[in-house]
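Observations on chain architecture
Now for the letters of each chain:
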Number of protein chains: 2
Amino acid sequence: MKRLNELTATETVATIVAGKTTCEAVARACLDHIAGREPQVQAWQYLNSEQVIAQARALDKSGRRGPLIGVPFGVKDIIDTCDMPTEYGTVIHKGHQPKRDAACVALSRKAGGVLMGKTVTTEFANVTPGKTRNPLDPDRTPGGSSSGSGAAVGDFMVPLAIGTQTTGSTTRPASFCGVFGYRPTWGDLRTTGVMEASGSLDTLGILARSVEDVALYRDVLLGVAPEPVASDIPAPRIGFCRPYFWPRIEPATQNLLEGAAQRLAHAGARVEEVKLPADYEQLETAHRLISGFEMARNLTWELENHRASISEKFREGRLKDGLACTYETYCEMRDLVARCRRMLEPVIAKYDVLLAPSAPGVAPVGPDPVPHPWVYMMWTTMHVPSLTLPVFKGQNGMPIGAQLIAKWNDDRRLFAVSRWVYQQLII
Amino acid sequence: MKRLNELTATETVATIVAGKTTCEAVARACLDHIAGREPQVQAWQYLNSEQVIAQARALDKSGRRGPLIGVPFGVKDIIDTCDMPTEYGTVIHKGHQPKRDAACVALSRKAGGVLMGKTVTTEFANVTPGKTRNPLDPDRTPGGSSSGSGAAVGDFMVPLAIGTQTTGSTTRPASFCGVFGYRPTWGDLRTTGVMEASGSLDTLGILARSVEDVALYRDVLLGVAPEPVASDIPAPRIGFCRPYFWPRIEPATQNLLEGAAQRLAHAGARVEEVKLPADYEQLETAHRLISGFEMARNLTWELENHRASISEKFREGRLKDGLACTYETYCEMRDLVARCRRMLEPVIAKYDVLLAPSAPGVAPVGPDPVPHPWVYMMWTTMHVPSLTLPVFKGQNGMPIGAQLIAKWNDDRRLFAVSRWVYQQLII
């Protein structure tokens, strides 16, 4: 039998609603587990047991119900919370206490969730690592920039965590930590109270341990009544996409993905090879320049007032490049992206989902939290919803994800198909 | 000769750079003027003379130059400032002191601007008025939601002010207060540190007293080196647009616009009638539902924790409607908007600018800060750049604007053509 901290969010809610446990008991189980594991994993930037227990007790006492009742959730520390500091991964904002909750935090609490604490982010959700280790191997990175969110969910510290994604900041830690990682259709989930890295690319992200949990949490963050994941779907149409960077995917991962495509076809899916136009190769440059241009402006206050406290790697790399980018180049790059989005429309319309790599291989050894941006940036730039499924094991038994991608605003179908795919590949 | 507070930003910079005045003298001239007029106009939510003088003196002492050197600017009080409170027009955030400057404020200071203070906004930049009166007639509204920004620039308290626009919150006060009001191409100017009303529609706005000032300030807020407004342009191609709501525009204003179109044609412009498809009539509903859906989620923390402190008009109107809107309806409305944007593309491509009403007439008597949203919402929803020019006088000599609209990312051409148009209509 699962321990309380090992339950998914959906299971937690069912158990509490059935009167078999309490919000407080669930919170304590998570806190106990964290107490044992945190010295090694280091997933939390801020965690105060008393605050957690107080929230859980208040929920128990109130008799309140809600779609997330009693579910402990972690929040990436670039997301504002009215009762916990929010430091954006930098000493510049050490101890900073926002006045209000970000919309996503307030919506989670409204649904009955228990805010467990703030999860570690890289500096400004960018390249410089935080303290978090991969929960499955402390010598490896958990992936970033939502490092703590991925590690906390992967280590059964919480069933749900909010991350964000500008390049691969949810997909990457999901793949490296062996959890589900969801990037919504761009623009759907409000980012009020979330530090903007690059507004034309940023979204929230959800880290979870089941498709049902992702779907549930998305509805909560949309501020709508939850709908169950459709279960009686026909075998889906799947476009198997080996993008231009396929040669950079490790051969073992290539084999796993090709094997998965075959297995899904055997299970009844219509699987076809999808080729994308050559223009997509330019998206790496476009993504780098667009995000750099926007970030460098967003961090003007920090650059002007706390320049020396920004890591050299970030300041002299991404920020310097972003400041050097002209408006004309920025516009050219946006035009290229818009063209690629239009080209994707007829391609993606032929399938329920695309199947593509989530990562080139397992989490690398060493501290770099944001390796191989090229594998993640493409779908992010396209604004399409994506779900990483923890379906593969690679070197040393470490996890590797597979990514399913759907068309814009087709997130619900993405969930239904993802569940079907996950069942074929895991069971 | 103009007094220092009456100079445009461009003139202020030239005067300071020529050594004919100082940042401090300009700041004092503005403060003196404000001291006399503020009891009647009430444009400022926060203004501290000592802070202003200290900034100006520091600039004088440093010998710094910059494209906005010594230019006093006002900032709408939904925009964060690290050294002045930011209250979002609500008692809920009374005295709230952000940690950092919004990107637009930091960029203004980096360019040498002097932050004069925080200008009055309506509650959460929505329907409930602040204290500001129209500087040209205290019985009339200055327009909102950027009420203080429009009034402060119109009254010569500052040459520049930042506003925002989700419906008509820059266009409206510009038209009512007799100043230039610029809404940029959506997504161009970073809104980091600006309260999100409805992210898919929100932009910054610039209130100014010349086209040159608008162009200068836009470059500063883009974080790029300023470029002069092109002056040797050929007579432009102008599409005269009488949208479906034309019958709701007051007959006197209709006459003014038709007269202007004729005058521009006489001056050499190629002026043609532009008709938009009937689908545009549905944009009022789309705008109301999309913005309502997003606002209601963005204000979850306030609704859950300070419900009674939100004005009933806002809470039981826009917010209630927004909460009741389903995700399916929200998506339908977004699809409609996307369709209308695509339909606009070939229409707008044939012209340098479109000419359209900025307002049905002069600022109405009474407190309603946000009348006739229908006239403003259309271009906002289309994401195109727009500039309101103070070219008409209506009832009691009160100002009425005319709006020029360009295609996406064609903001520089919008400025060049606007200057040409302004010269034809005013001189």
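Residues numbered from 1 in each chain as written. Chains lettered and ligands numbered in written order. Predicted model: local features only at pLDDT ≥ 70, side-chain atom pairs only at ≥ 80, totals over all residues.

**Some remarks on the overall build of chain A**
- Counting secondary structure elements, chain A contains 14 helices and eleven strands.
- Dimensions of chain A, computed from C-alpha atoms along their principal axes, come out at roughly 60 × 60 × 40 Å.
- Here chain A holds 427 residues, and 60% of them are scored as buried.
- For chain A, long-range pairs separated by at least 24 residues make up 78% of all intrachain contacts whose partners lie at least 6 apart in sequence. (Helix = DSSP H or I, 4+ residues; strand = E, 2+ residues; numbered from the N terminus. Buried ≥ 20, exposed ≤ 12 C-beta atoms within 10 Å, placed from the backbone. Contact = placed C-beta atoms within 7 Å.)

**Some remarks on the domain arrangement of chain A**
All names here are of chain A.
- On domain assignment, one finds that chain A holds domain 1 (4–222), domain 2 (237–277 + 343–426) and domain 3 (281–332).
- Taking only C-alpha atoms into account, the centre of domain 1 sits 24 Å from that of domain 2.
- Taken together, the contact pairs 36 residues of domain 1 with 37 residues of domain 2.
- Elements with a minimum of two residues in the side of domain 1 that touches domain 2: α6 (171–177), β5 (180–183) and α7 (211–222).
- For the side of domain 1 that touches domain 2, the element with the most residues is α6, which contributes five residues.
- In the side of domain 1 that touches domain 2, the residues fall into 14 nonpolar, 16 polar and six charged. (Domains from an automatic or database assignment. Nonpolar A, V, L, I, M, F, W, Y, C, P; charged D, E, K, R; others polar.)

**Thoughts on the sheet that holds strand β9 (residues 353–357) of chain A**
Residue and element names in this part refer to chain A.
- Strand order in this open sheet of eleven strands is β1-β3-β2-β4-β6-β5-β10-β11-β9-β7-β8, and the pairing throughout is mixed. Strands at the two margins of the open sheet, each flanked by one partner only, are β1 (44–47) and β8 (270–274). Direction aside, the axes of adjacent strands within the sheet are offset by 30° on average.
- The pairing of strand β2 (residues 72–76) with strand β4 (residues 160–165) spans three bridges and is parallel. (Pairing = 2+ DSSP bridges. Axes fitted to C-alpha atoms, helices over the stretch in contact; angles between N-to-C directions.)

**Quick look at the relation of the copies chain B and chain A**
- Laying chain B over chain A is done by rotating through 180° and shifting 0.0 Å along the axis; what remains is an RMSD of 0.0 Å. As the rotation angle and translation indicate, the two copies are arranged about a two-fold axis. Scanning chain B for the C-alpha nearest the rotation axis identifies Pro 98 of chain B, at a separation of 3.8 Å.
- Interface residue correspondence from chain B to chain A reaches 100%, placing this contact among same-surface, isologous pairings. (Least-squares fit on C-alpha atoms with pLDDT ≥ 70 in both.)

**Examining the environment of Ala 269 of chain A**
All names here are of chain A.
- As for its placement among the helices and strands, Ala 269 is situated in the loop between α8 (251–266) and β8.
- Along the sequence, Ala 269 and Ala 27 sit 242 residues apart, while their C-alpha atoms lie 41 Å from each other.
- Among residues more than four places away in sequence, those in contact with Ala 269 are Ala 235, Pro 236, Ile 238 and Leu 264.

**Structural notes on the sheet that holds strand β4 (residues 160–165) of chain B**
Residues and elements named next belong to chain B.
- Strand order across the open sheet formed by eleven strands is β1-β3-β2-β4-β6-β5-β10-β11-β9-β7-β8, with mixed pairing between neighbours. Only two strands of the sheet have a single neighbouring strand rather than two, namely β1 (44–47) and β8 (270–274). Each strand axis lies, on average, 30° off the axis of its neighbour in the sheet, ignoring direction.
- Helix α8 (residues 251–266) rests against β7 (237–241), β8, β9 (353–357), β10 (386–393) and β11 (399–405) of the sheet, and its axis sits at about 50° to β11.

**A look at the environment of Phe 176 of chain A**
- Here Phe 176 of chain A is to be found in helix α6.
- Taking the C-alpha atoms as reference, Phe 176 of chain A lies 8.1 Å from Gly 150 of chain A; in sequence the two are 26 residues apart.

**Focus on the packing of α7 of chain A against helix α14 (residues 411–426) of chain A**
All names here are of chain A.
- One can describe the packing of α7 onto α14 by two numbers: an axis separation of 9 Å at closest approach and a directional angle of 170°. Judged by the inter-axis angle, α7 sits roughly antiparallel to α14. The crossing of α7 and α14 is left-handed. Residue-level contacts link Val 211, Val 214, Ala 215 and Arg 218 of α7 to Asp 411, Phe 415, Ser 418, Arg 419 and Tyr 422 of α14.
- Considered class by class, the residues forming the contact of α7 with α14 number five nonpolar, one polar and three charged. (Parallel < 35°, antiparallel > 145°, perpendicular 65-115°, else oblique. Left-handed = near helix turned anticlockwise from the far one by under 90°.)

**Side note on the pairing of β8 of chain B**
All names here are of chain B.
- As paired strands, β7 and β8 are joined by five bridges and run parallel to one another. Paired with Cys 241 across the bridge in β8 is Val 274.
- The parallel pair β7 and β8 is bridged by α8, and the resulting crossover is right-handed. (Right-handed = clockwise from strand over helix to strand, strands pointing away.)

**Focus: the interface of chain B and chain A**
- Between chain B and chain A, the contact holds 29 residues from the first and 30 residues from the second.
- Elements with a minimum of two residues in the side of chain B that touches chain A: α4 (103–110), α9 (283–298), α10 (300–305) and α12 (327–348) of chain B.
- The greatest single-element share of the side of chain B that touches chain A, amounting to four residues, is contributed by α4 of chain B.
- Residue composition of the side of chain B that touches chain A, grouped by class: nine nonpolar, eleven polar and nine charged.

**Some words on the environment of Asp 32 of chain A**
- Residue placement: Asp 32 of chain A occurs in helix α2 (residues 23–41).
- In sequence terms Asp 32 of chain A and Cys 325 of chain A are 293 residues apart; their C-alpha atoms lie 49 Å from each other.

**Section: α12 of chain B**
Residues and elements named next belong to chain B.
- Its 22 residues give α12 an end-to-end C-alpha distance of 31 Å, which sits within 8% of 32 Å, the value for a rise of 1.5 Å per residue.
- Looking at α12, one finds that the buried residues are Tyr 330, Met 333, Val 337, Leu 344 and Ile 348. The arc that holds every buried residue of α12, seen down its axis, measures 65°, which confines them to one face. Turned more than 90 degrees away from the buried face of α12, the exposed residues are Glu 328, Ala 338, Arg 342, Glu 345 and Pro 346. (Expected span 1.5 Å × (residues − 1). Arc of directions from axis to C-beta.)

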